[in-house]
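Survey of secondary and tertiary structure
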Amino acid sequence: LYRQPKDKVQFFECPNFFPLDGKWVLIYSPYKPFRYLIGSFDANTLAFTPEREGTLDYGTFYASNIFQGTDTQQNVLVGWVRGFKEGLGWNGCMSLPRELLIGSDGYLRQKPIKALDTIRNLAPSPLRVDAETTRVPPMFLLEFSGFIPQGGSIAVTLTPRTQGTAPVRLKFRN
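Residues numbered from 1 in each chain as written. Predicted model: local features only at pLDDT ≥ 70, side-chain atom pairs only at ≥ 80, totals over all residues. Heavy atoms only, no water.

Turning our eyes to something else, we now look at the pairing of strand 2 (residues 23-29). A regular strand carries its side chains on alternate faces of the sheet. For strand 2, a buried count of five out of seven residues is recorded, marking the element as mostly surrounded by other parts of the structure. Pairing analysis gives six bridges linking strand 1 (residues 13-20) to strand 2, with the strands arranged antiparallel. Residue Phe17 lies in a different strand from strand 2, and its bridge partner there is Leu26. Here strand 1 folds back onto strand 2 in antiparallel fashion, the turn holding two residues, of which Asp21 has a positive phi close to 50°. (Buried < 20%, exposed > 50% of the residue type's maximum accessible area, 1.4 Å probe, protein only. Helix = DSSP H or I, 4+ residues; strand = E, 2+ residues; numbered from the N terminus. Pairing = 2+ DSSP bridges.)

Let us look at the nonpolar core. By size, the foremost hydrophobic cluster in this structure holds 14 residues, and its most contacted members are Val25, Ile27, Leu77, Leu100 and Leu108. For this core, the secondary structure elements donating two or more residues are strand 1, strand 2, strand 3 (34-42), strand 5 (61-68) and strand 8 (98-102). Here this core gets three residues from one element, more than from any other, and that element is strand 3. If sequence neighbours within four positions are ignored, Val25 has contacts with Asn16, Phe17, Phe18, Leu20, Leu37, Ile38, Ile102 and Leu108. In this structure, Val9, Leu26, Tyr28 and Leu37 belong to the second largest nonpolar core, which totals five residues. (Core = buried A, V, L, I, M, F, W, Y, C linked by side-chain atoms within 4.5 Å. Contact = heavy atoms within 4.5 Å.)

With that settled, the discussion passes to the environment of Asp42. Assignment of secondary structure puts Asp42 in strand 3. Since its relative accessible area comes to 35%, Asp42 is described here as partly exposed. Among the polar contacts made by the side chain of Asp42, one reaches the main-chain amide nitrogen of Asn44 at a distance of 2.8 Å. (Polar contact = N/O pair within 3.5 Å; in protein donor to acceptor, adjacent residues only side chain to side chain.)

Pasting the structure below:
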């Protein structure tokens, strides 16, 4: 199907080869950041010819699998996330599912599957400061205390009372 000299790619571990958006994609775990090749596949000669290559994940994503999503056009990627602190009695977990697609520039792109929006909408009610009922001084500090996991998010919506601009400064501490 496809070969590379060992000095270029040491391992093609956990490969997945699948069609996507009119091309063929080979993804693999080379004991380094998670890589991919996009190209054409000749079924008569069983030869894959890469046209683009890149890194899909720079973190600890490894040993992936591809499956079809609920929409048969959707290719969903999950992988093992490794590298947790030793001594916990376990090491690793499965990643959140990601939809794969080929961007207009020909490179592989990923995004969270749409079904994860449902989970995001189950978040606790946001803390609100209403400028109509609460006097907000020109410079004030709003502190949030809690744990936000790596890769987590905070959504902040600021709506000015009047038109114009106002400086905003966000500060995060570990």
